[in-house]
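Each chain is listed here by its residues.
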Amino acid sequence: MARRKKEEVVNTNPLADNVHIQGAGTVKSENIVETLKSNYMPYAMSVILSRAIPEIDGFKPSHRKLLYTMYNMGLLQGKTIKSANIVGRTMQLNPHGDASIYETMIRLSRGNESLLYPYIESKGNFGKAYSRNMMYAASRYTEAKLAPISKELFEDINKDTVDFVDNYDNTMQEPTLLPVTFPSILANVTTGIAVGMASSIASFNLGELCETTIALIKNPDLDVSETLLAPDFVGGGYVIYDKAELDKIYRTGRGSVKVRAKYKYDKSYNCIDITEIPPTTTSEAIIDKVVELVKTNKVKELNDIRDETDLKGLRITLDLKRGVDADAFMTKLYKLTPLEDVFSCNFNVLIKGYPKVLGVTDILREWILFRLECIRRRTQFTLDKKAQRLHLLEGLEKILLDIDKAIKIIRETESESDVVPNLMIGFGIDKMQAEFVAEIKLRHLNREYILKRTKDIENLKKEIEELGSILQSKNKQKKIIIRELTEVAKKYSSERKSEILYEIEEYDASVAAEIPDYPVTLFITKEGYLNKIRTANLRMSGEQKVKEGDRVEKIFECSNRDEILAFTDKAQVYKAKVDDFADSKASQLGTFVASKLQMESNEKVVYICVIHEYKGYMIFAFENGKVAKVDISAYQTKTNRKKLINAYSAKSPLSCIEYIVEDTELVLCASNGRMLILNTGALTPKSTKDTIGVSVMTLKKNSRLESMHYYQEGEFEKAWRFRTKNLPAAGAVPGPADNTAQLSF
């Protein structure tokens, strides 16, 4: 390390000879490392301990000073007052300027929407956390008071639950911690950057948090992920569930949580309204990024983007071009913009003056220890007060034996200073008791008053005994914490704002190109071939070519964007886009579906349907006479999965399948010739794909349900014979006049 040479500085001012200061005019040589240690380290420690890192009560010193000032001002009740008054009073504890104090108040307020559980009720413009341009009004215009939940921050603060220290000028005292009755450290987002370290704590739903803490008190080895599902943010959105990453956060305190914006598609205006965004971004940042993507031609699906945020809340509107798939487009934007962002977790907390990075489980354990100490100190304080009261009342009880004697002693005592000693001698009481008796007013020296005062002695003894047992029992102290947590959850918990997304569709750049939308006609043969022909070219096509012995079984007129569901004899369904199949001609055989969808070698297609939108039902008829009605949405997936297992029940052989858009009448045909008209509206739709269904057709021995078809008016001469009010039913045998030459599916 380079050192500077000592240089003697000659004093050229003769007038300064008589005021020479020892060491003045010389340059000292010091090691720069030692200088940094002596000058920089105190600053670094001050920032870490007194500025940026929260403590176990969930607050930084600036938060605590502000909230305690508001508490002392009586703002838990009554009306709001001007923010400027609060800021001015807070400077008695926090002498760092009114601007920084007001900014702290802004962030703690409900109006700013920074906290999941705000501690300050606000009136006026407090800005918005989700917008960098919506600035808050000056403190002279806004008003504030403490929110109801703040009562839980100061419960029993005057009962020696926490330590107090002098403020910066030793004129008043302030608490070092707040005796919070719930784990506030994890209830709200807290971020801070210190020197050489930082803190970033996610927020969790209060109901889940209290439930988890209670469970952890009862079982110290609890896996908190069982009850604490995922972080919950004030801005809502979707939290993408990643069990491995969440377990890492719960265990180590480090990790990241992906949050997606929430949107709604307005079909009438062909636009997307984004109403909830991740907590780490702003509406302006999102708009700027989308505009940049449009300018660079990476996004071509938009006509316009605008910020329509108003008093009702956040709203970013995206006007789409004609024919754009809103869901697919949003999946693309999630990948390219801050509409999907990461909240980085670094659970750095001050524990007894030392910064520690702790997992959720360890933070809750530390909070429980902190709260146990608060309970112990509060109980000891209450016990001491009651013991003192009991001691005084026991002295008063002795006076009850001879009130006249007490009056005589006081009257005959010549000096005022001798009254207390004479009472002590006369009744055998100590100085404290004598002082208490001596201060009683003359009007109260009667038997009735003294009896009323001494009546509580037995109750006090019982209370003191109970308080003593609490001090001696950790289990009783834990029960008190559990009771308080239960009350907090009941009063202040709410539904989750951030919805948990367990399954997501990722943007795939390779398939990002827009699927062209044009009408096509699908020809499906009995052997499982599919031929797709543009409807516009169909007139010029000849007869559909098929293999020898094969025939066309189904013809669909649909869009190139529709989806195909292919059910197989292995109770599986394969999904594909119509666009996945190449356009063909009538003179060609088409594509073999089993090969295209990569089915198993021994797997055969038993039914194919085309889905335009996931509305309607799948009807499964089984040989045992049961019929299952499954909502088609059960086959809808947010990922590009091509194969779904357990597509229908395999417990009984399948007779036939049909996709219906809405309820209709079907004719069930049994092998013994009986037929039954079934209105599908009589069946309750299920969301479970492999439901076994309900009994619909009663079958005789060796009979089976073998087919079904749509009922056509006039099919039966007496249709009432084939209908029934109750299911299951046997149906009826068609007569000679009935037209039963219907094709089964």
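Everything below is about the structure shown above.
Residues numbered from 1 in each chain as written. Predicted model: local features only at pLDDT ≥ 70, side-chain atom pairs only at ≥ 80, totals over all residues. Heavy atoms only, no water.

Enquirer: How should I be thinking about the overall build of the protein in this particular structure?
Expert: Within the protein, the regular secondary structure consists of 16 helices and 32 strands. For the protein, whose C-alpha radius of gyration is 40 Å, the value lies well above the compact-globule estimate of 27 Å for 745 residues. Summarising its shape, the C-alpha atoms of the protein cover approximately 130 × 90 × 45 Å along the three principal directions. By the burial criterion, 46% of the 745 residues in the protein qualify as buried. The contacts of the protein with a sequence gap of at least 6 include a subset with a gap of at least 24, amounting to 69%. Carbon and sulfur atoms form 49% of the exposed surface of the protein, whose accessible area is close to 39,900 Å². The protein carries 108 positive and 103 negative side-chain charges, and their two centres are separated by 1 Å. (Helix = DSSP H or I, 4+ residues; strand = E, 2+ residues; numbered from the N terminus. Rg over C-alpha atoms; globule rule 2.2 N^0.38 Å. Buried < 20%, exposed > 50% of the residue type's maximum accessible area, 1.4 Å probe, protein only. Contact = heavy atoms within 4.5 Å. Areas by Shrake-Rupley, 256 points an atom, 1.4 Å probe, with all protein chains shown as cover. Lys, Arg positive; Asp, Glu negative; His and termini not counted. Charge placed at Lys NZ, Arg CZ, Asp CG, Glu CD.)

Enquirer: Help me out: how do you make sense of the side chain of Ser-584 in this one?
Expert: Among the structural elements, Ser-584 can be located in the loop between β22 (573-577) and β23 (591-592). Exposure remark for Ser-584: the relative accessible area of 15% places this residue in the buried category. Polar side-chain contacts of Ser-584 include one of 2.8 Å to the side chain of Asn-531. What Ser-584 contacts, discounting residues up to four positions off in sequence, is Asn-531, Lys-532 and Ile-533. (Polar contact = N/O pair within 3.5 Å; in protein donor to acceptor, adjacent residues only side chain to side chain.)

Enquirer: Whenever I open this one, the nonpolar core confuses me. Can you help?
Expert: Grouped together as the largest cluster of nonpolar side chains are 83 residues, with contacts concentrated most on Phe-182, Leu-186 and Phe-347. The element best represented in this core is helix α9 (residues 360-400), accounting for nine residues. If near-sequence neighbours (up to four positions away) are discounted, Phe-347 is found in contact with Leu-186, Ser-200, Ile-201, Ala-202, Phe-204, Ile-249, Gly-253, Lys-356, Val-357, Leu-358, Val-360 and Ile-363. In this structure, Ala-261, Leu-293, Leu-302 and Ile-316 belong to the second largest nonpolar core, which totals 24 residues. (Core = buried A, V, L, I, M, F, W, Y, C linked by side-chain atoms within 4.5 Å.)

Enquirer: Sorry, what's going on with the sheet that holds strand β28 (residues 654-660) here?
Expert: Backbone-to-backbone hydrogen bonds pair the strands of a sheet. The strands run either parallel or antiparallel. Read from one edge to the other, the open sheet built from four strands follows the order β28-β25-β26-β31, with strand pairing classed as antiparallel. Two strands lie at the open edges of the sheet, namely β28 and β31 (694-695), each paired on one side alone. Relative to β28, strand β25 (residues 617-622) runs antiparallel, the two sharing six bridges. Residue pairing across strands places Ala-621 opposite Cys-656, the latter belonging to β28. (Pairing = 2+ DSSP bridges.)

Enquirer: How should I be thinking about the pattern of salt bridges in this particular structure?
Expert: Close approach of charged atoms allows side chains with opposite charge to pair. One pass over the structure, following the stated rule, counts 42 salt bridges. Where Asp-163 meets Arg-377, a salt bridge forms, and the shortest distance between an N and an O atom there is 2.9 Å. Pair noted here: Asp-163 is in the loop between β3 (143-146) and β4 (164-166) and Arg-377 is in helix α9, with a separation of 214 residues, a long-range link. When its relative accessible area of 43% is taken as the criterion, Asp-163 is described as partly exposed. Close ionic contact of Lys-575 with Glu-563 constitutes a salt bridge, the shortest N to O distance being 4.0 Å. Pair noted here: Lys-575 is in strand β22 and Glu-563 is in strand β21 (residues 563-568), with a separation of twelve residues, a long-range link. Each member of the pair, Lys-575 as well as Glu-563, carries the same accessibility label: buried. One continuous salt-bridge network, built from bridges that share partners, spans Asp-156, Lys-159, Arg-371, Arg-378 and Glu-484. (Salt bridge = Lys/Arg side-chain N within 4 Å of Asp/Glu carboxyl O.)

Enquirer: What is the right way to look at the environment of Pro-519 in this model?
Expert: Residue position: Pro-519 is located in strand β18 (residues 519-525). Among residues more than four places away in sequence, those in contact with Pro-519 are Arg-534, Thr-535 and Cys-558.

Enquirer: What should I look at first to understand unusual backbone geometry in this one?
Expert: With glycine set apart, most residues show a phi of negative sign, and most peptide bonds adopt trans. Put simply, Leu-727 and Pro-728 share a cis peptide bond, and its omega is 0°. When you line up the elements, Pro-728 lands in the segment after β32 (705-710). Of note, the phi angle at Glu-113 is positive, near 60°, even though the residue is not glycine. Checked against the element boundaries, Glu-113 lands in the loop between α4 (98-108) and β2 (120-123). Here Glu-113 falls in the partly exposed class, since its relative accessible area comes to 33%.

Enquirer: I would appreciate a short explanation of the pairing of strand β26 (residues 626-631) in the present structure.
Expert: Consecutive residues of a regular strand have side chains that alternate between opposite faces of the sheet. Bridging between β25 and β26 involves five bridges; their strand directions are antiparallel. Bridged to Tyr-617 within β26 is Asp-631. The hairpin turn running from β25 into β26, its antiparallel successor, is three residues long, and Gly-625 in that turn takes a positive phi close to 90°. Pairing of β26 with β31 involves two bridges; the strand directions are antiparallel.

Enquirer: When you look at the packing of α9 against helix α14 (residues 457-472) in this model, what are you seeing that I'm missing?
Expert: Helix packing for two helices is described by the angle between their axes and how far apart those axes are. Where α9 contacts α14, the axes come no closer than 9 Å and their chain directions differ by 155°. It follows that α9 is roughly antiparallel to α14 by the angle criterion. Here α9 runs over α14; the crossing is left-handed. When α9 is examined against α14, the residues Arg-376, Thr-379, Gln-380, Thr-382, Leu-383, Lys-386, Ala-387, Arg-389, Leu-390, Leu-393, Glu-394 and Glu-397 are found in contact with a partner set consisting of Ile-457, Leu-460, Lys-461, Glu-463, Ile-464, Leu-467, Gly-468, Ile-470 and Leu-471. Partitioning the contact of α9 with α14 into residue classes produces ten nonpolar, four polar and seven charged. (Axes fitted to C-alpha atoms, helices over the stretch in contact; angles between N-to-C directions. Parallel < 35°, antiparallel > 145°, perpendicular 65-115°, else oblique. Left-handed = near helix turned anticlockwise from the far one by under 90°. Nonpolar A, V, L, I, M, F, W, Y, C, P; charged D, E, K, R; others polar.)

Interpretation in functional terms is not warranted from these geometric data alone.
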